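Read off the chains here:
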Amino acid sequence: MHVPLPPSPISEQQKRGAIFASVQESLRSLTTVLSVMFLIMVSAHGWDFYWNGYKPAKNLSLVMELGSALFMLTLRIVVGRWTIPNRWIHPTLFLAGMVVLLNTDVQLYES
């Protein structure tokens, strides 16, 4: 037997706003962690260049990691200072994911 639920006191628009606010907070944490991770990778490759000599093939990964770190750090600053419109949150997450995947592809290609 199906028992109908009482109407929710929270509107759909309020629910959607709460979800987007939660995703935006998660985006701040995600971009912080990714920018730190890419900076660690840049320092590790720099250390490798210093001790094992410069290899032109590895230069692309260093540039990609540095660019990715700067992109994520810039995104973190933008998300921290301003509120991203709700219609831009999912494309922003997609763009951050594509930066990570592109960096991973470059790493796999060079190894």
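Refer to the structure presented above.
Read on for a plain summary of the structure. In this text the structure is predicted, and so the values were computed from the model without any measurement.

The rules behind the values
Residues numbered from 1 in each chain as written. Predicted model: local features only at pLDDT ≥ 70, side-chain atom pairs only at ≥ 80, totals over all residues. Heavy atoms only, no water. Helix = DSSP H or I, 4+ residues; strand = E, 2+ residues; numbered from the N terminus. Rg over C-alpha atoms; globule rule 2.2 N^0.38 Å. Buried < 20%, exposed > 50% of the residue type's maximum accessible area, 1.4 Å probe, protein only. Contact = heavy atoms within 4.5 Å. Expected span 1.5 Å × (residues − 1). Salt bridge = Lys/Arg side-chain N within 4 Å of Asp/Glu carboxyl O.

Comments concerning the overall build of the chain
And then number 1: Along the chain, the regular secondary structure elements total 3 helices and 0 strands.
And then number 2: Ordered by position from the N terminus, the helices and strands of the chain form the series α-α-α.
And then number 3: Relative to the compact-globule value of 13 Å for 111 residues, the chain shows a C-alpha radius of gyration of 20 Å, a clear excess of over 25%.
And then number 4: C-alpha atoms of the chain, sized along the principal axes, occupy 70 × 35 × 20 Å.
And then number 5: Per-residue burial for the chain yields a buried fraction of 24% across its 111 residues.

With respect to the side chain of Gln-24
And then number 1: With respect to the helices and strands, the residue Gln-24 is situated in helix H1 (residues 12–52).
And then number 2: Overall, Gln-24 belongs to the buried group, its relative accessible area being 7%.
And then number 3: Apart from the residues lying within four places of it in its own chain, the contact partners of Gln-24 are Val-79, Trp-82, Thr-83, Ile-84 and Ile-89.

Some remarks on helix H3 (residues 86–110)
And then number 1: Compared with the 36 Å implied by 1.5 Å per residue over 25 residues, the 38 Å span of H3 between its first and last C-alpha is a close match.
And then number 2: Every buried residue belonging to H3 is among Ile-89, Thr-92, Ala-96, Val-99, Asn-103, Val-106 and Glu-110, and all of these are buried.

Description of the pattern of salt bridges
And then number 1: Tallied over the full model, the rule gives 2 salt bridges.
And then number 2: Taking the shortest distance from any N to any O, the salt bridge between Lys-15 and Glu-12 comes out at 3.6 Å. Here Glu-12 and Lys-15 lie together in helix H1, a separation of 3 residues that amounts to about one turn.
And then number 3: With a shortest N-O distance of 2.3 Å, Glu-25 and Arg-28 are connected by a salt bridge. Here Glu-25 and its partner Arg-28 are both found in helix H1, 3 residues apart, which amounts to about one turn of the helix.
And then number 4: Among the residues examined, Arg-28 registers a relative accessible area of 22% and is labelled partly exposed.

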